[in-house]
Every structure is written in structure tokens, then in C-alpha cells.
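# Coordinates in review
One-letter residues, chain by chain:
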Amino acid sequence: MRLTCSDVRLTSLAASIALLSCAAFGAGVALLPVADIPLGGNTTRLDYTSLDADRHLLFIAHLGDSAVVVFDTQARRVVARVANVSKVHGVLAIPPLRRVYASATGTNEVVAIDADSWQIIARVPAGVYPDGMAYAPEVRKLYVSDEHGNTETVIDVERNVRVATIPLGGEVGNSQYDAASKHVFANVQTAGDLVEIDPVTDKVVGRTPLPGAKRNHGLLIDAERQLAFIACEDNAKLLVLDLRTRKTMASFSTGRDPDVLAFDPGLGLLYVASESGNTALFGFEAGKVVKAGETFSGPHAHVVAVDPRTHDVYFPLMNLDGATALRIVRPGS
């Protein structure tokens, strides 16, 4: 019997074997179950993640517990839990600084965490509702989406102080750094725009309308191909924007309420996770973006991370059979 991705719903790792193997890129690649690892804490919302591949550490925002969970991807266990990060949404590891930043929406600040001692070393005011973050290494600045404040907060990471507030003209979705242009891009989700910021001047230098976007929140930039992948919450769409021409190349359907995106450059696979638990997969064929499949990854699996070295894919789940868990899968044949 050949299953389709709508035939099965996950409640455990065993049930995922039939389901995940139906998510194909072409006809010969499937997402194979690896493990479900307990994360501890309460069965409350989990949010963004950030991976330090060199140290094999995955940082997970446990929003409902106001804590940053540190997961060792090699040992496959939780090694630390940083508390007192109120309603943490975003988390970003910056390996050269041996530091992790987290947006504490409950106290409207960004928290700096030492990545060796796991101690909080600084707290910086970050607007009204700090969320996603991007780091511009050349100027050593952190850019924080102030979702409800309609601005981008700029933090100097050498001094851990706010140095600028950039008005963006609407609610701000995710922010991303583009290594090719050395600029920062941010979604303005209530205007349907993608804004470009020059980190040297902290000025808006471009604004691209996104036809067909309804609340463009999720964002990922492929610097090598100069593509921006934009996930739109209200109409469950993925837009592919050519950053050279500023034209939308393609539009695809995703799971309901798409949120976090992750890209595996070695395999050329893009993962778009959604609040519905469905993950849409995309790849490249003859230079074009193609949809490779869609699968149910777990209850409320709206966050996804990928290790570019091992190709393992991670889904933090707030309630899997009554406990938090990190679901690990891997592309295979």
C-alpha cells in the first residue's frame, strides 16, 4: 500500500515511520525517523532554535517556561537550561563571540548568554515585542525584529547596548542577514513588504513590495543563489524572491500558518514548518525551485532546524504523548 502524507497523523515515533517515508524529494528521498528525545520542562510552547554546528549545540527557546534549552546534538541530551528569559521567542547563537542572544518578550529586552558558563551577562532594552534576530558580523551588530513596535532594534554586541531604532512602517516579522550584500532584510508583515537595511548606516535602503503576501512573517535567505524565501502566515504561501531583480519568481502552498524555515545547503533542501504541524519541502530542479513534498512532522511542529553536516532535521514539540520532545529525522532513500 502506498501512503500519501494525508493518510497518517503522528502521535509517536513508531507511527512516524510510515508517514515520514512518504515525504519524497523526487521519488528516491524520504524523511526517516531517528529519535524522539525528551526535553524536560512543562508542556508549554517552544519557539525558535539556533544551531552551533561546531560545538554540536542546538539552542531552543522554551517560551512557555521562559528558558533557553541547550541540547547536545552529538550526545542527544539536554546539557543546560538557562532560566529567567521571560517569554523567550527568538534565540541566536553567535559562535565567534561564544555567546547566545535571546529575545525576552515578557520583559521587552534581549538577553546575552555566555556560551561557556550559561550565565546571563547582559540585558538590553529591545522595543515593544522583540522577536527574531539577525547578526551582521562586519559591524558586530545584532538586529532585532520589534514586531509590535514597528521597528528594528540595533544592538552593539561589543558593549551590549542599543545603538539605533529603525522605523519600518508596520509590524515586523523575521529578520535575516545576507552574506552576499552584507545587508539585513526584514519582513514588514502588515505592509506586505521586504525591507533592506544597510548595517553601516542603519538606514533603510530598499523596500520591495510582495504581491500575494498576506502577513509575511517567516524569512530565510540563500546568499549563494541570492534568493529570499518568505513564508506568509495568513494565506499559507511560500514566496521565492530573486534579490537581484527584486521579482517574485514563484509561489507555493505550505501547511497552515507557516512559521520557521530551515535550509540544508548540501542537499539543497528547504524546510518550511507550520503551526498545523505540516512541513513543506522544497528543492532545486534545473535551476528552479520545486516543491518536493509535504508531511505531518508532529503536533504543533512550527519550528524546524537542520544540521548542514549530518543533515539531521530537528522539530521541537511541546506536547508529544504528554511531554516535551525533540523529534529528529533525516533525509534518506
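Up top you'll find the structure we're talking about.
This section reports on the structure supplied with the text. (Residues numbered from 1 in each chain as written. Predicted model: local features only at pLDDT ≥ 70, side-chain atom pairs only at ≥ 80, totals over all residues. Heavy atoms only, no water.)

## Observations concerning the overall build of the protein
Our working definition: Strands here are runs of E lasting at least two residues and helices are runs of H or I lasting at least four, both read from the DSSP assignment and numbered beginning at the N terminus. Our radius of gyration looks at C-alpha atoms and nothing else; its globule reference is 2.2 Å times the residue count to the power 0.38. Note on contacts: a residue pair is in contact if any heavy atoms of the two residues lie within 4.5 Å. Residue exposure ignores everything except the shown protein chains as possible cover, and the areas themselves are Shrake-Rupley values with a 1.4 Å probe. Residues counted as positive are Lys and Arg, residues counted as negative are Asp and Glu, and His and the chain ends are not counted. By convention, the point assigned to a charge is CZ for Arg, NZ for Lys, CD for Glu and CG for Asp.
Counting its secondary structure elements, the protein contains 1 helix and 28 strands. Against the 2.2 N^0.38 benchmark of 20 Å for 333 residues, the protein shows a C-alpha radius of gyration of 19 Å, consistent with a compact globule. For the protein, the C-alpha atoms occupy an extent of roughly 60 × 45 × 30 Å along the three principal directions. A separation threshold of at least 6 residues defines the contact pool for the protein, and within that pool the share at least 24 residues apart is 41%. Accessible surface computed for the protein: about 12,800 Å², of which carbon and sulfur atoms make up 50%. In the protein, 31 positive and 37 negative side-chain charges are present, and the distance between their average locations comes to 1 Å.

## A word on the nonpolar core
Keep this limit in mind: Here, the term nonpolar core denotes a set of buried Ala, Val, Leu, Ile, Met, Phe, Trp, Tyr and Cys residues that are joined through side-chain atoms within 4.5 Å. The rule is simple: take the accessible area with a 1.4 Å probe, protein chains only, and divide by the maximum for that residue type; under 20% is buried, over 50% is exposed, in between is partly exposed.
In terms of nonpolar packing, the biggest core is built from 37 residues, with Phe59, Val68, Val85, Trp118, Tyr271 and Val304 touching the most fellow members. Sort the elements by how many residues they give to this core and strand E27 (residues 313–320) lands first, with 4 residues. Residues contacting Trp118, with those up to four places away along its chain left out, are Leu57, Phe59, Val70, Ala80, Val82 and Ile113. One finds Tyr101, Val110, Ala112 and Ala126 within the second-largest nonpolar core, a separate group that totals 15 residues.

## Re the environment of Val204
Within the secondary structure, Val204 is located in strand E17 (residues 203–209). Setting aside chain neighbours within four positions, we find Val204 in contact with Ile166, Pro167, Leu168, Val195, Glu196 and Ile197.

## As for the packing of aromatic side chains
How we decide: Think of it this way: a Phe, Tyr or Trp ring, Trp meaning its six-membered ring, pairs with another when their centres are within 6.5 Å, and the plane angle makes it stacked under 30 degrees, edge-to-face over 60, tilted otherwise. Whether a charge sits over a ring comes down to the Lys NZ or Arg CZ being within 6 Å of the ring centre and within 35 degrees of the ring normal.
Across all of its chains, the model carries 3 aromatic pairs by this definition. Measuring from centroid to centroid gives 6.3 Å for Phe263 and Phe284, while their planes differ by 80°, and the two rings are edge-to-face. Of this pair, Phe263 sits in strand E22 (residues 258–264) while Phe284 sits in strand E24 (residues 278–285), and the two are 21 residues apart along the sequence. The side chain of Arg225 reaches across the aromatic face of Phe284, ending 3.9 Å from its centre.

## Quick notes on the sheet that holds strand E23 (residues 269–274)
Going by this rule: DSSP calls a pair of strands paired once it identifies at least 2 bridges connecting them. To obtain an axis, a line is fitted to C-alpha atoms, over the contacting stretch when the element is a helix, and the angle between two such axes runs from 0 to 180 degrees between their N-to-C directions.
Taken in spatial order, the 4 strands of this open sheet run E22-E23-E24-E25, and their pairing is antiparallel. Each edge of the sheet is formed by a strand with only one pairing partner; in this case those strands are E22 and strand E25 (288–296). Mean inter-strand twist for the sheet, computed between neighbouring axes without regard to direction, equals 20°. Note: E23 against E24, 4 bridges, orientation antiparallel. Note on E24: the bridge partner recorded for Tyr271 is Leu281.

## Topic: the pairing of strand E18 (residues 216–222)
Among the 7 residues of E18, 7 are classified as buried, and the element is accordingly described as predominantly covered. Sheet topology places E18 next to strand E19 (residues 227–232); 6 bridges connect them, and they run antiparallel. Opposite Leu220, over in E19, you have Phe229 as the bridge partner. Between E18 and E19, which follow one another and run antiparallel, lie 4 residues, and Gln226 among them has a positive phi close to 55°.

## Quick look at the side chain of Glu196
As a reminder, the rule being used: As used in this structure description, the phrase polar contact means that two N or O atoms lie within 3.5 Å; if the pair is within protein, one of them must be able to donate a hydrogen and the other to accept it, and residues adjacent in sequence are counted only when both atoms belong to side chains.
With respect to the element layout, Glu196 can be found in strand E16 (residues 193–198). A distance of 2.6 Å separates polar atoms of two side chains, one belonging to Glu196 and the other to His183. Among all residues touching Glu196, those that are not within four sequence positions of it are His183, Val184, Phe185, Lys203, Val204, Val205, Gly206 and Arg246.

## Things to note about the pattern of salt bridges
In plain terms, the rule: Between Lys or Arg on one side and Asp or Glu on the other, a salt bridge is scored when a side-chain nitrogen of the former is within 4 Å of a carboxyl oxygen of the latter.
Per the counting criterion, the structure on display carries 21 salt bridges. When the shortest N-O distance is used, the salt bridge between Arg256 and Asp257 registers 3.6 Å. Judged by its relative accessible area of 54%, Arg256 falls in the exposed class. On the accessibility criterion, Asp257 (28% relative accessible area) is partly exposed. In the salt-bridge network here, residues are joined through shared partners; they are Glu147, Glu171, Arg215 and Glu233.

## A few points about the sheet that holds E19
The strand order E18-E19-E20-E21 describes an open sheet built from 4 strands, whose pairing is antiparallel. The open sheet has two edge strands, E18 and strand E21 (247–253), and neither has a second partner. Across the sheet, the mean angle separating the axes of adjacent strands is 20° when strand polarity is ignored. Sheet analysis places E19 next to strand E20 (residues 237–242), joined by 6 bridges and oriented antiparallel. Bridge pairing links Ala228 to Leu241 in E20.

## Here's the deal with the pairing of strand E11 (residues 141–146)
Counting buried positions along E11 yields 6 of 6 residues, so the element is predominantly enclosed. The alternating pattern of E11 places Lys141, Tyr143 and Ser145 and Leu142, Val144 and Asp146 on opposite faces, both of which are buried. Where strand E10 (residues 130–136) lies against E11, 5 bridges are found, and the strand directions are antiparallel. Bridge pairing in E11 links Met133 to Val144. Linking E10 to E11, which pair antiparallel, is a turn of 4 residues; within it Arg140 sits at a positive phi near 55°. Linking E11 to strand E12 (residues 151–156), which pair antiparallel, is a turn of 4 residues; within it Asn150 sits at a positive phi near 60°.

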